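Understanding the architecture of this molecule
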Amino acid sequence: MSAIPQTSGAIAGALGTLALSALEPFRDALLGRPPVYAVTPLLTRAARRAWGLRLAPPTAQRWGLATRWVYGPTLGALYAALRPRLPASVRLGGLALGAAVGLFEAVSFPLLRVTPPRRRWSRGEKLALGLQVLLFGVVTEAVLSRQRHAPRGPGPRRMGPADA
């Protein structure tokens, strides 16, 4: 595997994570509270289950954000590595990536018992998770698609009839 696609993918995943993070205050306002899968409660439960640690909310939030900023770029790098093998019809402008991340989180979080079972999530929490992972996927794919069409090499881009 080449390091270039993974680096581009990590950058794309970081921008997808940034978009998702920007959406959070609106999500929380619409729900009236953070969802069960928000970073602070998620990391609080994970630390207690895995290591028996009781994290204070500010510590859990810091660790949760750090985890997110590793997780998003890592997903972007993995997607960039797999992306050349996927037909454009499967990529669907990033919707497939978002759906895959959403399915992974909706299944793994309750299995790891870092969230309640999905049946106990509110309709708003389920919808918000779907929207935020789709946003991540669309932004990540858009960045990777844009990078693929970017001019290569140093210096100014040549313009003229050959470019038409």
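These numbers were taken from a predicted model, which means no experiment stands behind them.

As a further point, take the overall build of the chain. A tally of helices and strands in the chain yields six helices and zero strands. The proportion of buried residues among the 164 residues of the chain is 35%. Across the chain, contacts joining residues at least 24 apart in sequence account for 75% of those joining residues at least 6 apart. Surface accessibility of the chain: about 10,300 Å² in total, with carbon and sulfur atoms responsible for 68%.

A full pass over the atoms with the stated rule returns six salt bridges. Glu 24 is paired through a salt bridge with Arg 27; the nearest N and O atoms lie 3.8 Å apart. Residue Glu 24 and its partner Arg 27 are located together in helix H1 (residues 3–31), separated by three residues, close to a single helical turn. Each member of the pair Glu 24 and Arg 27 is classed as buried. Here Glu 24 and Arg 68 are joined by a salt bridge, their closest N and O atoms 2.4 Å apart. With Glu 24 in helix H1 and Arg 68 in helix H3 (residues 57–82), this residue pair connects regions lying 44 residues apart in the sequence. Like Arg 68, Glu 24 is buried. One network of salt bridges, in which partners are shared, links Glu 24, Arg 27, Asp 28 and Arg 68.

The next thing to look at is the side chain of Glu 141. Mapped onto the elements of the fold, Glu 141 is located in helix H6 (residues 123–149). A relative accessible area of 5% places Glu 141 in the buried class. Of note is the side chain of Glu 141, whose polar atom sits 2.5 Å from the side chain of Tyr 79. There is a polar contact of 2.7 Å between the side chain of Glu 141 and the side chain of Arg 83. For Glu 141, the residues in contact, after removing those within four places along its chain, are Tyr 79, Arg 83, Arg 91, Gly 93 and Gly 94.

Cut-off values and rules
Residues numbered from 1 in each chain as written. Predicted model: local features only at pLDDT ≥ 70, side-chain atom pairs only at ≥ 80, totals over all residues. Heavy atoms only, no water. Helix = DSSP H or I, 4+ residues; strand = E, 2+ residues; numbered from the N terminus. Buried < 20%, exposed > 50% of the residue type's maximum accessible area, 1.4 Å probe, protein only. Contact = heavy atoms within 4.5 Å. Areas by Shrake-Rupley, 256 points an atom, 1.4 Å probe, with all protein chains shown as cover. Salt bridge = Lys/Arg side-chain N within 4 Å of Asp/Glu carboxyl O. Polar contact = N/O pair within 3.5 Å; in protein donor to acceptor, adjacent residues only side chain to side chain.

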